Amino acid sequence: MTVSNKARELTPQELRWRCELKSIPYETSQAVEPDDVIIGQERAVEAIKLGLEVGRQGYNIFISGMAGTGRTTTVKHLLETMVQDKGLPPDIVYLHNFKDPEEPKAVILPAGDGCRFKTAMERLVNDLVRDVTSLFESDKYQEHRKSIVRNFQAKQKEILQAFEKEIAAENFALVQVQVGPFVKPDLHPVIDGRPISFDELEVLVREGKIPEDDLHKFEEKYQELEARLHEVFKATREVVLRLEETLHQLERKRTEPVVKNLIGVVRADFTSPGLQKHLDEVADDVVKNLPLFTREKGSNNRSEDQQGKREPDAYLAYRVNVIVDNCTTKKRPIVIETNPTFRNLFGMIERESDGSRSFRTDFTKIKAGSLLKASGGFLVINALDALIEPGVWPALKRTLRNNKVEILSYDPFHMLSATALKPQAVEISVKVIMIGDHYLYDLLYFADEDFKKTFKVLAQFDTSMKLEGAATVEYAKFISKICARDKLRPFDRSGMAGVIEYGVRLAGRRNKVTTRFNLISDLLREADFWAARETAEAVTYEHVNKAIENWKKRMNLPEEKINEAIEEGTIMIDTTGSVVGQINGLSVYDLGQYQFGKPTRITAT
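Residues numbered from 1 in each chain as written. Predicted model: local features only at pLDDT ≥ 70, side-chain atom pairs only at ≥ 80, totals over all residues. Heavy atoms only, no water.

Side note on the overall build of the protein
(1) Moving on: The helix and strand inventory of the protein stands at 19 helices and 21 strands.
(2) Moving on: Taking 605 residues into account, the globule formula puts the C-alpha radius of gyration at 25 Å, and the protein, at 44 Å, lies well above it.
(3) Moving on: By its C-alpha atoms, the protein is 150 × 60 × 60 Å across when sized along the principal axes.
(4) Moving on: Considering only residue pairs separated by 6 or more positions, the protein has 71% of its internal contacts joining residues 24 or more positions apart.
(5) Moving on: Looking at the protein as shown, the accessible area adds up to about 35,200 Å², and 50% of this sits on carbon and sulfur atoms.
(6) Moving on: The averaged location of the 92 negative side-chain charges in the protein is 6 Å from the averaged location of its 87 positive side-chain charges. (Helix = DSSP H or I, 4+ residues; strand = E, 2+ residues; numbered from the N terminus. Rg over C-alpha atoms; globule rule 2.2 N^0.38 Å. Contact = heavy atoms within 4.5 Å. Areas by Shrake-Rupley, 256 points an atom, 1.4 Å probe, with all protein chains shown as cover. Lys, Arg positive; Asp, Glu negative; His and termini not counted. Charge placed at Lys NZ, Arg CZ, Asp CG, Glu CD.)

Written as structure tokens, this is what we have:
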């Protein structure tokens, strides 16, 4: 295929593009209405909109491009202006698990119900303390209880009297013997109407006051009656156990209607099946632990003993931990996590000191991370920050694959951070938006098979746009927005033209203009600085040019050193004549923010 050579020599004027002042329809930037429109990123905006609107699994978004091209600004703008048509995000609470206390229950509730349920449960505890205490202190209940106690005491007394009558016929008596700090019942022989111990009886035998045969008879009879004594006290113990069970049944019978009525009030306000089941378990537990709800128990809640040791909450099982509260939320949440550590993203389980050298935790110490706070909405994170944090990337992929967040006490640099709690995983629906560069996207795409399944939408931000149509007007609107936001002096027509010329130079082509607006913003601020030096009312072309020249001066020390070396002859560059095997070439030096070209000698060997 023949390619026609249309190359021609350019004039010096053609090497630099100039912005015609008549192309800018504004006298100053004050006359321009600021606009938040995204400039020059139509391709990326369409890709982001697709990712935000497709509600299928895996359609998370990776935004790639150079820093300063408006990636974060664009995402914020699109998220804040998109239609909020999917309802409010839910509340998320953790509750005590009565069957397995080490695995707290996660319950998802409609927005606002979390705090309402927490308040209702606190009120329920206070009402139970009040009503149960009043019931137990009532005259009718006390009289009934005393009557039951008297009946069982009479049965116990009847058993003991029958046994005492039985052993009296064998010349024995029932006595209480001190054994160390305890007192135990025992049998002693009766001599002359007085019970004496076997030690005393042996003394009387040695003194000849009692025949030795009588001692042997007492010992034999003692063996028989001791077994009978155990049977009797087993029977009395059974009477005590029946008494305790009867009293407990009385408590249940009297308090069950009270408990049912108070919990019914709470139950009527909440329709969540998870809460209904939890309230059933609460009712059963309250009836099993009625002594907790006496006024004496309630007054010691969260107290400290004389050593300063903090006592645990007596009513901990009935508390509610609202880890995500959306009662004031008006639209789907937008969370921008600037520090995506494991704890900040996935939550944590705190521990507290009990006043001594030990620590403890419970379900009320569970804290939500950004993923749970963004449930029902969007989470924006920096890709590189997430990748360099220990454990974050594998856990994030697992979470997005399963749509569940597991809150763990994870800290790879702390060996004592483990806890026995394993909270139930929480189901979430969240759209994750990661911001990175092209190299990082390619690295993840080819090195991680899960990445391409999890982040199916790529939004690429360009570093330049076509210099045509309304490009100059859009630049003028951007200049007006930055001037208003940062309280800068207005730019006149020549100043705005100078800024646009600088944008074209950054793009490197006369028909393109840069979209790296962070660099344009820096130029606006520095030009305003030089205008302030001259107490000018508006920023002109000269101020813009001075800002560019001063920026070059801060950056071009290597260029000046090379110039000095050429002028001094350290670097030999011939500009006249010809030499066999030698030519002059042009080297381009790239210092990151600054690039320049310098001649160099190329020698063939």
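Further notes follow.
Looking at the layout of surface pockets
(1) Moving on: Roughly 1,100 Å³ of internal volume is contained in the largest pocket.
(2) Moving on: The wall of the largest pocket is formed by 38 residues, among which Y502, R505, L506, A507 and Q595 lie closest to the centre.
(3) Moving on: Listed by contribution, the elements that provide at least two residues to the lining of the largest pocket are α16 (493-507), α17 (517-533), α18 (541-555) and β21 (595-603).
(4) Moving on: In terms of residue count, the dominant contributor to the lining of the largest pocket is α18 (nine residues).
(5) Moving on: Partitioning the lining of the largest pocket into residue classes produces 16 nonpolar, nine polar and 13 charged.
(6) Moving on: Considered as a void within the structure, the second largest pocket measures approximately 520 Å³ in volume.
(7) Moving on: Every element with two or more residues in the lining of the second largest pocket is listed here: α2 (71-81), α15 (471-486) and α17. (1 Å grid on protein atoms, 1.4 Å probe; cavity = no way out; pocket = protein on both sides within 12 Å on 5 of 7 lines; lining within 4 Å. Points joined across faces, edges and corners; volume = space filled by probe spheres on them. Nonpolar A, V, L, I, M, F, W, Y, C, P; charged D, E, K, R; others polar.)

Describing the sheet that holds strand β13 (residues 378-382)
Sheets are built from strands paired through backbone hydrogen bonds, the pairs being either parallel or antiparallel.
(1) Moving on: With parallel pairing, five strands are arranged side by side in an open sheet as β8-β13-β16-β1-β17. Of all the strands in the sheet, just β8 (334-337) and β17 (457-460) have a single pairing partner and so form its edges. Between one strand and the next, the sheet's axes are offset by a mean angle of 20°, whatever the strand orientation.
(2) Moving on: Sheet analysis places strand β1 (residues 61-64) next to β17, joined by four bridges and oriented parallel. Paired with S64 across the two strands is Q460, which belongs to β17.
(3) Moving on: Set on the sheet, helix α1 (residues 42-53) makes contact with β1, β13, β16 (431-436) and β17; between it and β17 the angle comes to about 155°. (Pairing = 2+ DSSP bridges. Axes fitted to C-alpha atoms, helices over the stretch in contact; angles between N-to-C directions.)

Side note on the packing of aromatic side chains
(1) Moving on: Tallied over the entire structure, the rule returns 19 aromatic pairs.
(2) Moving on: Measuring from centroid to centroid gives 6.2 Å for W393 and F455, while their planes differ by 20°, and the two rings are stacked. Residue W393 is found in helix α12 (residues 392-402), and its partner F455 is found in the loop between α14 (449-454) and β17; the two are separated by 62 residues along the sequence.
(3) Moving on: In this structure F455 comes out as buried when scored by relative accessible area, which is 2%.
(4) Moving on: A connected cluster of aromatic rings, assembled from ring pairs, spans F62, W393, Y441, Y445, F446, F451 and F455.
(5) Moving on: In this structure, K155 is placed above the aromatic ring of F152, and the distance from its NZ or CZ to the ring centre is 4.9 Å. (Phe/Tyr/Trp six-rings, centres within 6.5 Å; stacked < 30°, edge-to-face > 60°. Buried < 20%, exposed > 50% of the residue type's maximum accessible area, 1.4 Å probe, protein only. Lys NZ or Arg CZ within 6 Å of the ring centre and 35° of its normal.)

Observations regarding the pattern of salt bridges
(1) Moving on: For the coordinates displayed, the defined rule picks out 22 salt bridges.
(2) Moving on: A salt bridge links D113 to R116; its shortest N-O distance comes to 3.1 Å. In this pair, D113 and R116 both sit in helix α3 (residues 113-137), three residues apart, roughly one turn of the helix.
(3) Moving on: Among the residues examined, D113 registers a relative accessible area of 15% and is labelled buried.
(4) Moving on: Ionic contacts of the salt-bridge type, sharing partners, join the residues R485, D486, D522 and R525 into one network. (Salt bridge = Lys/Arg side-chain N within 4 Å of Asp/Glu carboxyl O.)

Considerations on the side chain of N60
(1) Moving on: Inspection of the secondary structure puts N60 in the loop between α1 and β1.
(2) Moving on: N60 sits in the buried class, given a relative accessible area of 5%.
(3) Moving on: Filtering out sequence-adjacent residues up to four positions away, N60 remains in contact with L400, V430, K431, V432, T454, F455, K456 and V457.

Description of the sheet that holds strand β7 (residues 320-324)
(1) Moving on: Strand order in the open sheet formed by three strands is β3-β2-β7, and the pairing between neighbours is antiparallel. Taken across any chain shown, the strands that pair with only one partner, and hence form the sheet edges, are β3 (105-109) and β7. Averaged over all neighbouring strand pairs, the angle between strand axes comes to 30°, with direction disregarded.
(2) Moving on: Two elements, strand β2 (residues 91-95) and β7, share four bridges in a ladder whose sense is antiparallel. Within the sheet, the bridge partner assigned to L95 lies in β7 and is V320.
(3) Moving on: The sheet strands contacting helix α7 (residues 273-288) are β2 and β3, and the helix crosses β3 at an angle near 135°.

Some points on the confidence of the model for the protein
(1) Moving on: When the pLDDT values of the protein are averaged, the result is 84; 92% of them are 70 or greater.
(2) Moving on: Put simply, helix α8 (residues 295-298) is where the protein has its lowest mean pLDDT, 56, and β2 is where it has its highest, 94. (pLDDT = per-residue confidence, 0-100.)

Focus: the side chain of T540
(1) Moving on: In this structure, T540 sits in the loop between α17 and α18.
(2) Moving on: Within the structure, the side chain of T540 is placed 3.2 Å from the side chain of E542, a separation counted as a polar contact.
(3) Moving on: Sequence-distant contacts of T540, that is, excluding residues within four places in its chain, are made with D492, S494 and G495. (Polar contact = N/O pair within 3.5 Å; in protein donor to acceptor, adjacent residues only side chain to side chain.)

Structural notes on a negative patch on the surface
(1) Moving on: Negative charge collects at one region of the surface, where D199, E200, E202, E219 and E220 lie side by side.
(2) Moving on: At the level of secondary structure, the elements contributing two or more residues to the negative patch comprise α5 (198-206) and α6 (212-269).
(3) Moving on: Ranked by residues supplied to the negative patch, first place goes to α5 with three residues.
(4) Moving on: Within the secondary structure layout, E220 lies in helix α6.
(5) Moving on: Residue E220 is classed as exposed on the basis of its relative accessible area, which comes to 56%. (Patch = residues over 30% accessible without salt bridge, like charges linked within 9 Å, V, L, I, M, F, W, Y side chains within 5 Å.)

Observations concerning the pairing of β1
(1) Moving on: The side-chain alternation of β1 yields two buried faces, one formed by I61 and I63 and the other by F62 and S64.
(2) Moving on: Looking at chain direction, β1 and β16 are connected through four bridges and run parallel. Bridging from a neighbouring strand, S64 pairs with G436 of β16.

Remarks on the environment of G114
(1) Moving on: Tracing the sequence through the fold places G114 in helix α3.
(2) Moving on: Given a relative accessible area of 0%, G114 falls into the buried group.
(3) Moving on: As for G114 and D91, which are separated by 23 residues in sequence, their C-alpha atoms are 5.6 Å apart.
(4) Moving on: If we ignore the near neighbours within four places in the chain, the residues touching G114 are D91, V93, L109, V320 and V322.

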